[in-house]
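Now for the letters of each chain:
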Amino acid sequence: MAVFGGGARVLRELARLLAAEAAITVVAPEVCPTVEALATSGRIRWEPREWRETDLDEVWFAFALLPDPAANAAIAEAAERRRVFCSACWPEASAPPAERPAAGVALVGAGPGDPDLITVRGRRLLAAADVVVIDRLAPLELLAELGDQVEIVDAAKIPYGRAAAQQYLNEVLVDRARAGKFVVRLKGGDPYVFGRGFEEVAACARAGLRVTVVPGVSSALAVPALAGVPVTHRRMTHELTIVSGHLAPSHPDSLVDWAALARLRGTLVVLMGVTHIAETADVLMRGGKDPATPALVVQEGATPSQRTLRSTLASLAADCAERRIVPPAVFVIGEVAGLSETEGVAVAVGADG
Ligand SMILES: C[S@@+](CC[C@H](N)C(=O)[O-])C[C@H]1O[C@@H](n2cnc3c(N)ncnc32)[C@H](O)[C@@H]1O
């Protein structure tokens, strides 16, 4: 399957093709961050160059989705000569959905990972969107259900890579809504858990726009659960702390009191913690946390590529390095991380009598 073009408009087609488990090659000199991330993770192949007629030699279906309609027409003609099916984009499709909410913005949480984890309200609003602005951690599969008239904007932020400026994003939300569109800002997990959701809501409110907030299922709770670990257990922990580990504990801008966290007895969940996990584990142990404290890491939770690592605080950094753990990953540090599902069931049965 060949997809010519790498802008946000290809995301809907890619979502559909990935759902069909197609082998996909994207040909485009430049691509949006989400396409780049799909290529990096090996889910698609990206050839960073202009298209050429021989690209159609080995395929049976092509999508011509370049920004230039003349180039798409040329691809369609070349495909016809070779008897290759081709879906080409000339004018933008313009049919509006039958029913849609008033102009405005909805901030909708989705996932984590699994597209089915979006709330009923979130899904209903998504189906009515004129414009969808999607993050890298929101499930791409949800785009497959959108009509061709829906504009898709890629707001992906790849950790420590290229970043769409928040200012630009805020402007997109405001401009489209002011133009009379119903915009869904689709974010991974819960929009207000380390998600900058409130900054976007504030920008819209300053512009006098209606904003609906639809909370999501946060990866901090759901990803451990789907890996078989409850973040609380009434016999083990009466506290749960969710921390952002995106800054090293020694970083002058860090707002986390790691020494205090080291003294807590409950569960510590760390998001965005992969890069600094060695220093994070170290500061917790120096603060008094037992090096034998169980630890769990779940990478790409609730997706087909989910990976789970069980370790201890002392071995966590070395184990992550050895297993090449990469973002996105959730860390759980605390006694609950040592529970296996069968132990959990045994404890529950015992507790109920
Ligand atoms: C910017 S934060 C956003 C969190 C999000 N708002 C939420 O509530 O889940 C991104 C971090 O969330 C975690 N994360 C999100 N989705 C994940 C997933 N499917 N698997 C593992 N970790 C995930 C990772 O720690 C990642 O670095």
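Note that the structure is a prediction, hence the values are computed from the model and not measured.

A. Structural view of the sheet that holds strand β10 (residues 211-214). Read across the sheet, 5 strands follow the order β8-β7-β9-β6-β10 without closing on themselves; strand pairing throughout is parallel. One side of each edge strand has no neighbouring strand; the edge strands of this open sheet are β8 (151-154) and β10. On average, adjacent strands in this sheet sit at an angle of 20° to one another, irrespective of strand direction. Bridge count between strand β7 (residues 131-134) and strand β9 (residues 182-188): 4 bridges; the pairing is parallel. By the bridge assignment, I134 is partnered in β9 with L186. Those strands touched by helix α6 (residues 197-206) are β6 (104-110), β9 and β10, and its axis lies near 170° from that of β6.

B. Helix α5 (residues 166-178), seen in detail. For α5, built from 13 residues, the straight-helix expectation of 18 Å at 1.5 Å per residue is met to within 8% by its first-to-last C-alpha distance of 18 Å. Of the residues making up α5, those classed as buried are Q166, L169, N170, V172, L173, V174 and A177. Buried-residue contacts for α5 involve β6, β7, β8, β9 and α6. G180, located one to two residues past α5, shows a positive phi value of around 95°.

C. Representation of empty space enclosed by the protein in the model. Here the structure, examined in full by the defined rule, presents 1 cavity of 30 Å³ or more. Estimates place the volume of the largest cavity at around 40 Å³. Looking at the largest cavity, the residues that line it are E239, T241, L261, L264, G266, T267, L268 and K289. For the lining of the largest cavity, a count of residues per class yields 3 nonpolar, 3 polar and 2 charged.

D. Just the domain arrangement of the protein, in detail. Domain assignment breaks the protein into domain 1 (2-88), domain 2 (104-217) and domain 3 (220-341). Taking only C-alpha atoms, the centre of domain 1 and the centre of domain 2 are 25 Å apart. When domain 1 packs against domain 2, the two sides together hide about 1,300 Å² of surface, and 59% of this comes from carbon and sulfur. When the area that domain 1 buries against domain 2 is broken down by residue, the three leading residues are R12, P33 and T34, summing to 42%.

E. The site of the ligand, seen in detail. Near the ligand you find 18 residues, and of these V193, S218, S219, G301 and A329 are the closest. Residue D190 places a main-chain N or O atom 2.8 Å away from a nitrogen atom belonging to the ligand. A329 places a main-chain nitrogen or oxygen 2.7 Å from an oxygen atom of the ligand. Within the complex, the protein chains bury 90% of what would otherwise be the 570 Å² of accessible surface of the ligand. Grouping the amino acids of the shell around the ligand by side-chain chemistry returns 10 nonpolar, 6 polar and 2 charged.

F. Layout of the packing of aromatic side chains. Taken as a whole and assessed by the stated rule, the structure comprises 5 aromatic pairs. Relative to F63, the ring of F61 has its centre 5.0 Å away and its plane inclined at 20°; by these criteria the two rings are stacked. Accessibility expressed as a relative area gives 23% for F61, which makes it partly exposed. Through a chain of ring-to-ring contacts, three or more aromatic side chains come together here, namely W60, F61, F63 and F85.

G. A nonpolar patch on the surface, seen in detail. Where nonpolar side chains cluster on the molecular surface, the patch consists of F194, L221, L240, I242 and M272 and spans about 400 Å² of accessible area. Along the chain, the position of L221 falls in helix α7 (residues 219-226).

H. The arrangement of the packing of α5 against α6 in detail. The interhelical angle for the contact between α5 and α6, taken along N-to-C directions, is 50°, at an axis separation of 9 Å. As the angle between them shows, α5 and α6 are arranged oblique. As for how α5 packs across α6, the hand of that crossing is right-handed. The segment α5 lies against α6, with Q166, L169, N170, L173 and V174 engaging E199, E200, A203 and C204. Split into classes, the residues belonging to the contact of α5 with α6 amount to 5 nonpolar, 2 polar and 2 charged.

I. Representation of the pairing of β7 in the model. Burial of the side chains of β7 extends over both faces: V131 and V133 are buried on one face and V132 and I134 on the other. Across 4 bridges, β7 lies against β8 in parallel orientation. For V132, the partnering residue across the bridge sits in β8 and is I152.

J. Representation of the sheet that holds strand β15 (residues 329-333) in the model. If you walk across this open sheet you meet the 5 strands as β11-β12-β15-β13-β14, and the pairing is mixed. One side of each edge strand has no neighbouring strand; the edge strands of this open sheet are β11 (240-244) and β14 (307-312). Taking each pair of neighbouring strands and ignoring which way they run, the sheet shows an average axis angle of 15°. Strands in contact with α7 are β11, β12 (267-271), β13 (294-299) and β15; relative to β15, the strand with the most contacts, it is inclined by about 80°.

K. Region of the structure containing the packing of helix α1 (residues 10-19) against helix α2 (residues 33-40). Relative orientation of the contacting elements α1 and α2 amounts to 30°, with a least axis distance of 10 Å. The pairing of α1 with α2 is recorded here as roughly parallel in orientation. Handedness of the crossing formed by α1 with α2: left-handed. On α2, the residues that touch V10, L11, L14 and L18 of α1 are T34, V35 and L38. Class assignment of the residues belonging to the contact of α1 with α2 gives a composition of 6 nonpolar, 1 polar and no charged.

Scoring rules and cut-offs
All residue numbers refer to position in the chain's written sequence, counted from 1. Local features in this predicted model are restricted to residues whose pLDDT is 70 or higher, and side-chain atom pairs enter the listing and the counts only when it is 80 or higher, whereas totals over whole chains, interfaces and linings include all residues. No hydrogens and no water enter the side-chain calculation; it runs on all heavy atoms of the structure. DSSP bridges decide pairing: two strands pair if at least two such bridges lie between them. Numbering goes from the N terminus for both helices and strands, where a helix is a DSSP run of H or I of at least four residues and a strand is a run of E of at least two. Axis geometry follows a simple rule: fit a line to the C-alpha atoms, using only the stretch in contact for helices, then measure angles between N-to-C directions, giving values from 0 to 180 degrees. Contacts are assigned to residue pairs that have any heavy atoms within 4.5 Å of one another. Here the expected length of a helix is defined as 1.5 Å per residue gap, with one fewer gap than residues. Accessible area is worked out with a 1.4 Å probe on protein chains only. A residue is then buried under 20% of its type maximum, exposed over 50%, and partly exposed in between. Cavity: a set of points on a 1 Å grid over the protein atoms alone where a 1.4 Å probe fits but cannot get out. Pocket: an open set with protein on both sides within 12 Å along at least five of seven lines, its lining residues, like those of a cavity, having an atom within 4 Å of a point. Grid points are joined across faces, edges and corners, and a volume is the space filled by probe spheres set on the points. Think of it as three bins: nonpolar holds Ala, Val, Leu, Ile, Met, Phe, Trp, Tyr, Cys and Pro, charged holds Asp, Glu, Lys and Arg, and polar takes everything else, Gly as well. Each domain's extent was defined by an automatic or database domain assignment. Here the quantity called buried area is the total loss of accessible area, with a 1.4 Å probe, experienced by two parts when brought into contact, counted for both. Residues are labelled near a given molecule or strand when at least one of their non-hydrogen atoms is within 4 Å of it. Pairs of N or O atoms are called polar contacts if they sit within 3.5 Å, as long as, within protein, a hydrogen donor faces a hydrogen acceptor (for residues adjacent in sequence, only side-chain-to-side-chain pairs). All accessibility values rest on the Shrake-Rupley procedure with a 1.4 Å probe; residue burial counts only the protein chains present in the view. Only the six-membered ring of Trp is used, alongside the rings of Phe and Tyr, when aromatic pairs are assigned; centres must lie within 6.5 Å, and planes under 30 degrees apart are stacked while those over 60 apart are edge-to-face, with the rest tilted. What makes a patch is a set of residues exposed beyond 30% relative accessible area and free of salt bridges, joined within 9 Å when like-charged and within 5 Å when nonpolar (Val, Leu, Ile, Met, Phe, Trp, Tyr). Note on definitions: salt bridges are taken to be side-chain nitrogens of Lys or Arg within 4 Å of carboxyl oxygens of Asp or Glu. Here roughly perpendicular refers to angles of 65 to 115 degrees, roughly parallel to angles under 35, roughly antiparallel to angles over 145, and oblique to all remaining angles. Put simply, a crossing is left-handed when the front helix is turned counterclockwise from the back one by less than a right angle, and right-handed when it is turned clockwise.

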